[in-house]
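Results of the structural survey
Take a look at the letters that make up each chain.
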Amino acid sequence: MTLSAGDVLLQADGIGVNASWGHIYGPVDLRVRRGGVTVLVGSGGRGRTALLLTLAGRMKPSEGSLTAFGAMNKAQLLFSNAALGFIEEVDGIGQTIRVRDVLTEQLRWQAPWYKFVGVGNEDDLERLCRPVFGPLTLPSLDAFVEELPELTSALLRVAMANLRKPPLLVVGGIDNMTRTRSTEQFLDRLIDLGREQTVITADVNGVVPRAGITDVVEVANLTDNEFVWLEREDANQ
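Values in this document were obtained by computation on a predicted structure and should not be read as measured data.

1. Let's talk about the overall build of the protein chain
When helices and strands are tallied, the protein chain shows 8 helices and 9 strands. Looking at the protein chain as a whole, 49% of its 237 residues qualify as buried. In the protein chain, the share of contacts with a sequence separation of at least 24, taken over all contacts with a separation of at least 6, comes to 71%. As displayed, the protein chain has an accessible area near 12000 Å², and 50% of this comes from carbon and sulfur atoms.

2. Remarks on the packing of helix α5 (residues 122-133) against helix α7 (residues 180-193)
In the contact formed by α5 and α7, the axes pass within 8 Å of each other and the chain directions differ by 105°. Relative to α7, the element α5 lies roughly perpendicular. Contact with α5, carried on its side by Pro131, Val132 and Phe133, involves Arg189, Asp192 and Leu193 of α7 and no other residues of that element. Of the residues belonging to the contact of α5 with α7, the class tally is 4 nonpolar, no polar and 2 charged.

3. A word on the sheet that holds strand β2 (residues 22-33)
The strands that make up a sheet are held in pairs by hydrogen bonds between backbone atoms, and each pair lies either parallel or antiparallel. Read across the sheet, 4 strands follow the order β2-β1-β4-β5 without closing on themselves; strand pairing throughout is antiparallel. The open sheet has two edge strands with one neighbour each: β2 and β5 (71-72). As judged from the 2 bridges shared by strand β4 (residues 63-68) and β5, these two strands associate in the antiparallel manner. Of the residues in β5, the one forming a bridge with threonine 67 is methionine 72.

4. A closer look at the pairing of β4
Pairing of strand β1 (residues 8-19) with β4, which is carried by 5 bridges, proceeds in the antiparallel orientation. When the bridges of β4 are listed, glycine 16 appears paired with glutamate 63. Taken together, β4 and the strand that follows it, β5, pair antiparallel across an intervening segment of 2 residues, in which phenylalanine 69 is found at a positive phi of about 55°.

5. Details of the packing of aromatic side chains
One pass over the full model with this rule turns up 1 aromatic pair. The ring of phenylalanine 79 carries arginine 58 above its face, with NZ or CZ at 4.1 Å from the centroid.

6. A few points about unusual backbone geometry
With an omega of 0°, the peptide bond between glycine 26 and proline 27 qualifies as cis. Within the secondary structure, proline 27 is located in strand β2. Of note in this structure, phenylalanine 69 is not a glycine but carries a positive phi near 55°. With respect to the helices and strands, phenylalanine 69 occurs in the loop between β4 and β5. Non-glycine residue asparagine 73 carries a positive phi angle of around 55°.

7. Some words on the nonpolar core
Of all hydrophobic cores here, the largest spans 40 residues; its most connected members are Val37, Cys129, Val158, Met160, Val171, Phe186 and Leu190. Among the secondary structure elements, those contributing two or more residues to this core are β3 (36-41), α4 (99-110), α5, α6 (150-161), β7 (168-171) and α7. The biggest single contributor to this core is α6, with 7 residues. With 30 residues, the next largest nonpolar core counts Ala50, Leu53, Ile87 and Ile200 among its residues.

8. What about the confidence of the model for the protein chain?
Of all residues in the protein chain, 88% have pLDDT values of 70 or greater, and the mean over the chain is 88. For the stretch residues 1-5, pLDDT sits under 50, and the model shows 13 contacts to residues farther than four places along the chain or on other chains. Here residues 225-234 scores under 50 on pLDDT; set against residues more than four positions off or in separate chains, the count is 10 contacts.

Conventions and cut-offs
Residues numbered from 1 in each chain as written. Predicted model: local features only at pLDDT ≥ 70, side-chain atom pairs only at ≥ 80, totals over all residues. Heavy atoms only, no water. Helix = DSSP H or I, 4+ residues; strand = E, 2+ residues; numbered from the N terminus. Buried < 20%, exposed > 50% of the residue type's maximum accessible area, 1.4 Å probe, protein only. Contact = heavy atoms within 4.5 Å. Areas by Shrake-Rupley, 256 points an atom, 1.4 Å probe, with all protein chains shown as cover. Axes fitted to C-alpha atoms, helices over the stretch in contact; angles between N-to-C directions. Parallel < 35°, antiparallel > 145°, perpendicular 65-115°, else oblique. Nonpolar A, V, L, I, M, F, W, Y, C, P; charged D, E, K, R; others polar. Pairing = 2+ DSSP bridges. Phe/Tyr/Trp six-rings, centres within 6.5 Å; stacked < 30°, edge-to-face > 60°. Lys NZ or Arg CZ within 6 Å of the ring centre and 35° of its normal. Core = buried A, V, L, I, M, F, W, Y, C linked by side-chain atoms within 4.5 Å. pLDDT = per-residue confidence, 0-100.

As C-alpha cells, then:
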C-alpha cells in the first residue's frame, strides 16, 4: 500500500505542556498530512521531545486542542495508533546487552501471554528489522548494542519500536546523528517507511524538500528564542 499525502492526520491548535515546575513548550500550531515524512524544524531539547511525545499520544497537552484520527484530545486513541522510537527517554536500550537480547525481549512483549517465545534468531532479525534497514546491513545478533555504529543503533531502535507498524510513526530528531552521511541515510530509510505509514521526525535546521518529504514545518515556542539562535549557530559551525 502506498499512502498519498493529502488529508490532515493530526491538527494541533495552541497546544502546550506545563509541568509543576514550569513551562515546557507551547503554544504550538501545526498540522501533519497523511503519508510520507513530516519534518518539524525546531530547537532540540526537552520542549521538542515533549512535543514529539504529545504527537505520539504519550503525553497529554495542558492546553489547546489536538485532533488526530478524527478525534479531538483523545490521547489513548492516538497512543494506540502510533509508534515512538529513537527517543532516549522512551526507548533507550541498555548498552551492555546484545542485539539478540533486545530482539528476544521485544518478541516476548509482542506475543500473547500463553505463547512460548524462544530466543531470537536470524530469521526473526530479518523479518523484524529488514523493513526498517532496507538495503543496509543488519547488526549481528551477538553484537553489543554499545558497539553498534550510530546509524545501525538508530535503525535498530526504530525497528523495535515499529513492530506493530501502526499508521503513525514518530521518530526522534535526525539531528541526533553526529555524521552527515548517517543523517542522510537515516532520512532515506524514514522516507521509505513513509510509503506505508505517516512519519514525523525533527531537525534543528530542517531538510531540503524532496520526494517523500510531505512537509517541512517550522515550530515556534519550543524553547527560548535565544537558545534556538545559539543552537542553530553551533550546528552551522
